[in-house]
Amino acid sequence: MIRFIKYLSLGTIVFNLPTFFIITLSSTLGAIFSALMFFSLLIYAIIEKEIIIINLLLIAGFGYFLISGIQFYVGDEREYFIKFIKYFWIIIIGTSLAARTSKDELLVFLSIGAFSIFLHAIIFSSDYGRYSGFYLDPNTGGLICLMGYGLAINIANQKIRLPLLFLFTFAGIITFSRTFIVIWLIINFLSLRVDSKNYKIFGMGIGIVILIISLAGILNFNTTRFSQLQAIVNNEQVTKQDLNKGGRTETWSKFYPYLSDKPFFGHGYRSFQGRGLNFVGSHNSFMMIYGESGIFVLLLFICFYLHLFYWGLKFFKEKPYILFLTIVQILFLLTNHNYYTNYYLIFISLWLHIEVNKLKLVGSNNMQEQPLI
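This structure is a prediction, so every number in the text was calculated from the model and none was measured.

Conventions adopted
Residues numbered from 1 in each chain as written. Predicted model: local features only at pLDDT ≥ 70, side-chain atom pairs only at ≥ 80, totals over all residues. Heavy atoms only, no water. Helix = DSSP H or I, 4+ residues; strand = E, 2+ residues; numbered from the N terminus. Buried < 20%, exposed > 50% of the residue type's maximum accessible area, 1.4 Å probe, protein only. Contact = heavy atoms within 4.5 Å. Areas by Shrake-Rupley, 256 points an atom, 1.4 Å probe, with all protein chains shown as cover. Axes fitted to C-alpha atoms, helices over the stretch in contact; angles between N-to-C directions. Parallel < 35°, antiparallel > 145°, perpendicular 65-115°, else oblique. Left-handed = near helix turned anticlockwise from the far one by under 90°. Core = buried A, V, L, I, M, F, W, Y, C linked by side-chain atoms within 4.5 Å. Expected span 1.5 Å × (residues − 1). Bend = angle between axes of the 7 residues up to and from the residue. Phe/Tyr/Trp six-rings, centres within 6.5 Å; stacked < 30°, edge-to-face > 60°.

### Overview of the overall build of the chain
Within the chain, the secondary structure is distributed over 18 helices and 0 strands. Relative to its full complement of 373 residues, the chain shows a buried share of 53%. For the chain, long-range pairs separated by at least 24 residues make up 74% of all intrachain contacts whose partners lie at least 6 apart in sequence. When the accessible surface of the chain is split by element, carbon and sulfur atoms take 65% of a total near 17,100 Å².

The structure is reproduced here in structure tokens:
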């Protein structure tokens, strides 16, 4: 029974089921799965009789909601309080599940999430031509693939490792997220420090790109992004203007003047999200936190991820996935402003923090990687 509750909680979070059902089927079904996710987390925590307080996330989250809420800029107050409660529910109650989720269990759920992107392209192809599966947003789908890729890249068992790397790479590329490609390259270059034989993975990546190009006649791919990818493979010229069109730096520039206006306490809740100070959101969680609640909250938030980054470097040889997943999250947060409702991202941040604490307590010498069976 406890295992069922555990996997139910993990599945609803990692698969983004509440939001997925709200958008694709009905708001009622989405609300049911949302309640199921938070209720199952509570039941699991009660059964395990343990929660872990992560001070930095707790204080930074409280600071964000308090300071931005006092200056409330735009939106529904009921929505504000619901998001407030859900965030703290995840970072407090959710730690019980995060502490008892193994790397292999998380990898399995991320694999299923990535497979949903593959099925989206094969079975439910659309004129939009960018695929996301359970995650509805292609950039977020790319995040899921990158986190799975970071967990899988140094698995010892090649019969499991290679199919997983293929799945995460193929599914990630068909999101046509430029962020995915950049971070995929960074992870692979860093992985050479762990095992020089990982250079072979670049060949697999090139092969997957060629396969995707060959499938263009069967599947609908985004015309602009696919053309850019095809041009790069064919060694054709792609202008910097084309690559940057609609890019994040262009979006960020619209919010720069507001950052200096109120640096200490920001402009208020939702001012840097859609329909706030600008019709589009800032597409940057660090900028959003700074712009809505000020520099002090931002520094606390940065400290949390710097802590993960530091210990990721410290344990890189023994547990490279900690650094990989930390880099994935930091770079993704530079392109997305939905941090406080991105529950799978928050949950995996909790999981990473708890993994680091386990390493610090037990010591890296006693926690060598074990191959998947």
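### Regarding the packing of helix α5 (residues 77-99) against helix α18 (residues 343-362)
Remark: α5 packs on α18, axes separated minimally by 9 Å, with the N-to-C direction vectors making an angle of 45°. Relative to α18, the element α5 lies oblique. Where α5 crosses over α18, the two elements pack in a sense that is right-handed. The residues of α18 that touch α5, namely those facing K86, Y87, I90, I91, G94, T95, L97, A98 and A99, are Y343, I346, F347, L350, W351, I354 and K358.

### Re the nonpolar core
Within the largest apolar cluster, 113 residues are counted, with the highest numbers of intra-cluster contacts made by Y87, L110, F168, L325 and Y339. When residues in this core are grouped by element, the largest group, 12 residues, is from α18. Other than its neighbours up to four places away in sequence, L325 contacts M147, G150, L151, I348, W351 and L352.

### Overview of the environment of W184
Within the secondary structure, W184 sits in helix α9 (residues 178-191). Residue classification places W184 among the buried positions, given a relative accessible area of 8%. For the pair W184 and M147, spaced 37 residues apart in sequence, the C-alpha separation works out to 10.0 Å. Those residues in contact with W184, other than ones at most four positions away along the chain, are L146, Y149, T169, I201, F202 and G205.

### Describing α5
Taking 1.5 Å of rise per residue, 23 residues should cover 33 Å, and α5 covers 33 Å from first to last C-alpha, within 8% of that figure. In the structure, α5 departs most strongly from a straight axis at I93, where the bend amounts to approximately 40°.

### Topic: helix α4 (residues 55-70)
With 16 residues, α4 ought to run about 22 Å at 1.5 Å a step, and its terminal C-alpha atoms sit 22 Å apart, in line with that. What α4 keeps buried is the set L57, A60, G61, G63, Y64, F65, I67, S68 and G69. Looking at the packing, one finds that the buried side of α4 touches α5, α15 (285-293), α16 (295-314) and α18.

### A word on the packing of aromatic side chains
Under the counting rule described, the total for this entry stands at 43 aromatic pairs. For the pair Y80 and F84, a centre-to-centre distance of 6.4 Å together with 40° between the ring planes defines the contact as tilted. Taken together, the residues Y80 and F84, both in helix α5 and 4 residues apart, mark about one turn of the helix. Accessibility expressed as a relative area gives 7% for Y80, which makes it buried. The class of F84 is partly exposed, set by a relative accessible area of 23%. Seen from their ring centres, Y87 and F88 are 5.2 Å apart, and the 80° between their planes marks the pair as edge-to-face. Of the two residues, Y87 and F88, neither departs from the other in class, the shared state being buried.

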